[in-house]
Protein chains: 2
Amino acid sequence: MASTWVPGVTGDSPFSLANIPFGIITTQFDPAPRAAIAIGSYALDLKALSDSKDLTKLASSLKGHDSVFSQPTLNAFAALGRPVHREVRKVIQEILSAETSHPDVLKNDKELQEKALIPQGKFKTHLPMSIGDYTDFYAGYHHAYAVGVMFRGPANALQPNYTHLPVGYHGRSSSIVVSGTPIRRPVGQILLDSTAEPKQPSTAPSRRLDIELELGCFIAKPNELGTSISIEDAEEHIFGYVMLNDWSARDIQTWEYVPLGPFNGKNFASTISPWVVLADALEPFRTKGIENKTPLQDYLKESKADTAFDIELEIDLTTSEGDTTTISTTSSKNLMWSFPQMIAHHSLGGCPMRTGDLLGSGTISGTGARERGSLLEMSEGGKKDIMLHGMDVRRFLKDGDTVGIRGVCGKPGERVGFGDCVGRIYSAVQN
Amino acid sequence: MASTWVPGVTGDSPFSLANIPFGIITTQFDPAPRAAIAIGSYALDLKALSDSKDLTKLASSLKGHDSVFSQPTLNAFAALGRPVHREVRKVIQEILSAETSHPDVLKNDKELQEKALIPQGKFKTHLPMSIGDYTDFYAGYHHAYAVGVMFRGPANALQPNYTHLPVGYHGRSSSIVVSGTPIRRPVGQILLDSTAEPKQPSTAPSRRLDIELELGCFIAKPNELGTSISIEDAEEHIFGYVMLNDWSARDIQTWEYVPLGPFNGKNFASTISPWVVLADALEPFRTKGIENKTPLQDYLKESKADTAFDIELEIDLTTSEGDTTTISTTSSKNLMWSFPQMIAHHSLGGCPMRTGDLLGSGTISGTGARERGSLLEMSEGGKKDIMLHGMDVRRFLKDGDTVGIRGVCGKPGERVGFGDCVGRIYSAVQN
Ligand SMILES: [Ca+2]
Ligand SMILES: [Ca+2]
Ligand SMILES: [Mg+2]
Ligand SMILES: [Mg+2]
Ligand code: NI
């Protein structure tokens, strides 16, 4: 991969020329949300670029559609489909390349650079998509197993359906927020004494506030009600990926979730990273997921083996004193179900996917003690301290804690990463 | 209540002058979706009316907002809040009243009547709201109990949380359709032999396709992430109500729903009636719901006793031969939780409600054999035939069956009803 003429793109930047992730920005001088890509520490304002230069000369598939970059979400761009995303990404890579054959577009146009290439600190990122529906799956095998052991013992850790279908539930799209949004500790019904009979709940701030390290997938191409998406076509329905922290209040969840699933234990906030890494940018990092030995139903059978991605994932916990500890390191290959399988299953009965819908992978955990995607697992159900720098400990989150999750692939200088997916916990308010 | 000058509004019409429900229509001559109200068998086109007459002279709270009636959904109107809905409904009642003191607006303006008063058959109804999120509760006590007995026996029929909080789950907003939309029988994973070990699912059309008779509630006023809606304020956040048939594939649901709740068993379609009955229109029909003897958490305590509505509900099943049987008659008072309680609970942890969000009550059943809101209950878990006219029988739905649910309150000539909530079952397609 060539290098870029954009200044200061360090070898460690998740936004190398090999990436070109898309997002929505505003600036002090133009408060209208619009599309941009990230390169190094800069945002390249695609509205400013396409207002000034005719991008359709370079990306002919954009013809008649270049207003998509002036809109407050990426939905219209996503709806154009993967061939368009592919061409636009290639064209932007070409424009930003040190050896660009089109230096007139941006490299040599200092005036346009002033307007369109916006340094860190001068732009704000926003939710990249208007999210119609959000579905959270449970494809992280080691997480599902570990949590199952805690709740039901090793013999019944996984339900009999687990290896037959990608288990998932409908989440709350209104509660999805972009990295940096403050996270208010939820108040909810909890059982302070879970052994007392009859059960007597209290209404109080959650004492078991947790994180869930997940990969999120945005839908590009919709399907109609009553039709399904075949597993062969599913890749064409994917726009791209974000990091997802599915904040979870374990005590609220435990009391409420039988028999209809998680509700207030989840719907107070889920944080996503602001830049959507296009499906094509992750192609070089394909690998096998976790083997599923159960014979699959036809609609879930994939023709290729490399259906997962090997994204290095990390969780940082920063205390209010400012000490940061990396509490987990794992890989997104720890999934037993692929996103195409999730899409094929989700739409099997005719459920319509819409452009902008978000699918969560489910919590991603490895097998080792420092490879867990939730505090619930790291603390073995809240029974064991997780050691932090400064001799501090956690079992669940304290007010003032900041959690950041990161995902990155590729070699130095050619990194494809997700950037920040961060949230800080603020004290509960009781009305 | 006065009568209307609009012709042919029969005593049995659900859309009397006492109702004035809001919806979205199109016509052959104006295919742009826009707001209307229903009166008798007519739709009154509110865009045509407000284009021709200055409604803000009569409804001053509309000032600066009368473009809300030109929009393709009712969201902008709903967002104006209950005082505006109340005034606009009153003004329309006044204009349509036989003794109107403003005959110039419509009664005596034959030319405008030609344009704005559209007879049945000349307009199409559409989804009335853009639905951001859909939540389905489980507040129908007799349904929850009956289904609980089937799955877990009488001792454990209700989970310990049932009387402490309104149990609910996030549904799929993309699958909500308006009355009349064809319902495709879903294909899904089902266990043909539920006793075999190990469990071996098949992928096949659902054999246990069911209905759920529910009341739906649309949100008007939103709340911010991290804030909650108090039970005293909750009524002010309600726009109005629709009938809801939450079609359910019981065999898909049974295999998939542990541990995260219903998914493909529900997300293939839910049908709502097209006309939103405003919250104010239902006020005269308040009554007590089902008594909950469990001491409630403070945030769920209501100051008034009449927190349910006494809406007469019926389910009609029409076979492909054209025979119609009313298979159930019950009342919406059979709920143990009120919509304000659902809203207070849903937002307790800070989950944002948005204008247009839909809440389902959960299946409404009475205690008698012909008062059940689902075929699952009527057939006692699929074990008993439900007799239909023409000596036909059902346990679950056949292809070609049409189900209509109806809800109505009030005396003849002053009826407040919901109109059609109908769907016909079409054969599954397997890819
Ligand atoms: Ca999750
Ligand atoms: Ca339901
Ligand atoms: Mg969440
Ligand atoms: Mg449904
Ligand atoms: Ni050139």
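As the structure is a computational prediction, the values presented were derived from the model and not from experiment.

### Quick notes on the relation of the copies chain B and chain A
Then step 1. Rotating chain B by 180° and translating it 0.0 Å along the rotation axis places it on chain A, where the RMSD comes to 0.0 Å. On the angle and the small slide along the axis, the relation comes out as a two-fold axis. Using C-alpha coordinates, one finds that chain B approaches the rotation axis most closely at B:G261, a distance of 2.1 Å.
Then step 2. Counting the interface residues of chain B, we find that 100% of their copies in chain A are interface residues as well, pointing to one common contact surface.

### Some words on the UniProt feature "binding site: substrate" (unreviewed entry) in chain A
Then step 1. UniProt records the feature "binding site: substrate" (unreviewed entry) for A:Y138, A:R152, A:Q253, A:Y257 and A:T363 in the present numbering.
Then step 2. Within the fold, A:R152 resides in helix α5 (residues 141-152).
Then step 3. Apart from the residues within four sequence positions on either side, A:R152 is in contact with A:A157, A:Q159, A:Y257 and B:P259.
Then step 4. Within the structure, the side chain of A:R152 is placed 3.3 Å from the backbone oxygen of A:N156, a separation counted as a polar contact.
Then step 5. With respect to the element layout, A:Y257 can be found in the loop between α6 (250-256) and β16 (270-272).

### Notes on the state of the cysteines
All names here are of chain A.
Then step 1. Tallied over the entire structure, the rule returns zero disulfides over all chains.
Then step 2. Take C351: it sits in no disulfide, and the sulfur closest to it among the cysteines is that of C217, at 14 Å.
Then step 3. Given the relative accessible area of 0%, C351 is considered buried.

### Some points on the coordination of the magnesium ion (ligand 3)
Residue and element names in this part refer to chain A.
Then step 1. At 2.2 to 2.5 Å from the magnesium ion (ligand 3) lie its protein donor atoms, namely D246 (OD), K266 (O) and S270 (OG).
Then step 2. Mapping the donors of the magnesium ion (ligand 3) onto the primary sequence yields the spacing D-x19-K-x3-S. With D246 in the loop between β14 (238-245) and β15 (248-249) and K266 in the loop between α6 and β16, this residue pair connects regions lying 20 residues apart in the sequence. One exposure class covers both D246 and K266, and it is buried.

### Considering the side chain of B:Q341
Then step 1. Mapped onto the elements of the fold, B:Q341 is located in helix α8 (residues 339-346).
Then step 2. The contact partners of B:Q341, leaving out residues within four places of it in the chain, are B:P166, B:I231, B:L296, B:L300, B:E302 and B:M336.

Reading the values: rules and limits
Residues numbered from 1 in each chain as written. Chains lettered and ligands numbered in written order. Predicted model: local features only at pLDDT ≥ 70, side-chain atom pairs only at ≥ 80, totals over all residues. Heavy atoms only, no water. Least-squares fit on C-alpha atoms with pLDDT ≥ 70 in both. Contact = heavy atoms within 4.5 Å. UniProt positions renumbered as here; feature names shortened; annotations may be inferred. Helix = DSSP H or I, 4+ residues; strand = E, 2+ residues; numbered from the N terminus. Polar contact = N/O pair within 3.5 Å; in protein donor to acceptor, adjacent residues only side chain to side chain. Disulfide = S-S within 2.5 Å. Buried < 20%, exposed > 50% of the residue type's maximum accessible area, 1.4 Å probe, protein only. Donors = N, O, S within 2.8 Å, 3.2 Å for Na, K, Ca; no water.

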